[in-house]
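Listed below, chain by chain, are the residues.
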Amino acid sequence: MTGYNVVLFLHITSVIVMFGCLGADWVAIGGLRSARTAGQAEPWVRTLEVSASIGPWARLAVLGAGLFLAIDAWSWQGWIIVGLAGWVAYVVLGEPLTGRELREVGALVRSADGDLSPVATATLRHPRMWNAVLVRAGLGAGIVFCMVTKPPAPAAAVAVILGAAAGLVAARLTTRPARRIPTTHQAS
Ligand code: HEM
């Protein structure tokens with residue numbers, strides 16, 4: 001067994017953890033979209049927060065091990081450059097699941113008591129987080145395709161773009177049109 005084997009093992013293990021976090025996000029966003037009370041939403045917010053505390057480390061480990069593998073044995077072939085760009089897109093697209101949006105949702109749910117207001121429900125069902133999950137899933141599948149088949153750059157780019165586009169289409173098809181939110185005056 002070589003050092004390369006060990007780093008490849010670490011790379012793939014980190015990919016598994018990274019996709020495990022994505023799976024947790026997927027289930028949690030699904031749960032938030034159907035929550036009617038603060039009590040129902042709270043465990044899903046907690047799930048997102050746990051995922052947001054582990055995911056960045058897994059993504060960094062994927063990058064670190066991937067860079068080692070690329071430099072050690074591959075030089076900068078097209079599929080590696082596309083994989084790197086795809087990794088950056090994966091990180092950026094996840095912002096709603098880890099950044100300000102998650103903090104806002106957490107604060108909203110924790111400050112609520114009993115039934116969620118129409119405004120809070122609309123916030124929890126905002127398509128941005130759902131889009132982020134499904135586009136990431138498609139993009140991730142495209143990157144795995146590149147890593148496994150190692151195609152030339154144009155084919156790798158098509159695979160990654162198609163994967164992300166498929167995720168976006170799936171997100172759009174599974175997002176119900178937003179209902180009109182009553183004004184505060186009507187809601188009270
Ligand atoms: C979301 C990001 C990534 C995912 C899902 C991913 C996934 C994978 C998988 C599943 C393999 C195993 C392929 C096989 O053994 O046939 C692999 C290998 C590899 N990855 Fe990644 N990877 C990602 C990011 C990166 C990045 C950013 C780099 C480099 C900058 C990279 C470089 C490599 C290299 C060089 C290999 C070695 C292939 C081999 O020895 O066969 N990966 N990756």
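Nothing here was measured: the structure is a model prediction, and the numbers come from that model.

## Observations regarding the site of the ligand
Moving on, step 1. Near the ligand lie 23 residues; those nearest to it are Y4, H11, M18, M147 and K150.
Moving on, step 2. Side-chain polar atom of Y4 to an oxygen atom of the ligand: 2.5 Å apart, as the coordinates give it.
Moving on, step 3. Here H11 contributes a side-chain N or O atom positioned 2.8 Å from a nitrogen atom of the ligand.
Moving on, step 4. Where the shell around the ligand is concerned, the elements lending two or more residues are α1 (3-34), α2 (38-74), α3 (78-93) and α7 (127-149).
Moving on, step 5. When the residues that make up the shell around the ligand are grouped by side-chain class, the tally is 20 nonpolar, two polar and one charged.

## What to know about the confidence of the model for the chain
Moving on, step 1. With 93% of its residues at a pLDDT of at least 70, the chain reaches an overall mean of 91.
Moving on, step 2. Counted against residues more than four places away or in other chains, residues 183-188, with its pLDDT under 50, gives one contact.

## A short note on the packing of aromatic side chains
Moving on, step 1. All chains considered together, the criterion is met by three aromatic pairs.
Moving on, step 2. Aromatic side chains F19 and Y90 sit 6.5 Å apart centroid to centroid with 70 degrees between the ring planes, which places their arrangement in the edge-to-face category. Here F19, found in helix α1, pairs with Y90, found in helix α3; they are 71 residues apart in sequence, far enough to count as distant.
Moving on, step 3. Taking relative accessible area as the criterion, Y90 reaches 2% and is therefore assigned buried.
Moving on, step 4. Both rings, one in W26 and one in W130, keep their centres 6.4 Å apart while their planes meet at 90 degrees; by these two values the pair is edge-to-face. Of the two residues, W26 is situated in helix α1 and W130 in helix α7; the sequence distance between them amounts to 104 residues.
Moving on, step 5. Judged by relative accessible area, W26 falls into the partly exposed class, the value being 38%.
Moving on, step 6. Between the NZ or CZ atom of R33 and the centre of the ring of W130, over which it lies, the distance is 4.3 Å.

## Some thoughts on unusual backbone geometry
Moving on, step 1. Although it is not a glycine, S75 sits at a positive phi angle of roughly 55 degrees.
Moving on, step 2. Tracing the chain through its elements places S75 in the loop between α2 and α3.

## Concerning the coordination of the iron atom of the ligand
Moving on, step 1. For the iron atom of the ligand, the full set of protein donor atoms is H11 (NE2) and M147 (SD), and the range of their distances to it is 2.1 to 2.3 Å.
Moving on, step 2. One can describe the site at the iron atom of the ligand as octahedral: its six donor atoms subtend angles covering 83 to 178 degrees at the metal. You can see H11 sitting in helix α1 and its partner M147 sitting in helix α7, a full 136 residues away along the chain.
Moving on, step 3. With relative accessibility at 11%, the residue H11 sits in the buried group.

Rules and cut-offs
- Residues numbered from 1 in each chain as written.
- Predicted model: local features only at pLDDT ≥ 70, side-chain atom pairs only at ≥ 80, totals over all residues.
- Heavy atoms only, no water.
- Near = heavy atom within 4 Å.
- Polar contact = N/O pair within 3.5 Å; in protein donor to acceptor, adjacent residues only side chain to side chain.
- Helix = DSSP H or I, 4+ residues; strand = E, 2+ residues; numbered from the N terminus.
- Nonpolar A, V, L, I, M, F, W, Y, C, P; charged D, E, K, R; others polar.
- pLDDT = per-residue confidence, 0-100.
- Contact = heavy atoms within 4.5 Å.
- Phe/Tyr/Trp six-rings, centres within 6.5 Å; stacked < 30°, edge-to-face > 60°.
- Buried < 20%, exposed > 50% of the residue type's maximum accessible area, 1.4 Å probe, protein only.
- Lys NZ or Arg CZ within 6 Å of the ring centre and 35° of its normal.
- Donors = N, O, S within 2.8 Å, 3.2 Å for Na, K, Ca; no water.
- Tetrahedral: all angles 85-135°; square planar, octahedral: opposite > 155°, others 65-115°.

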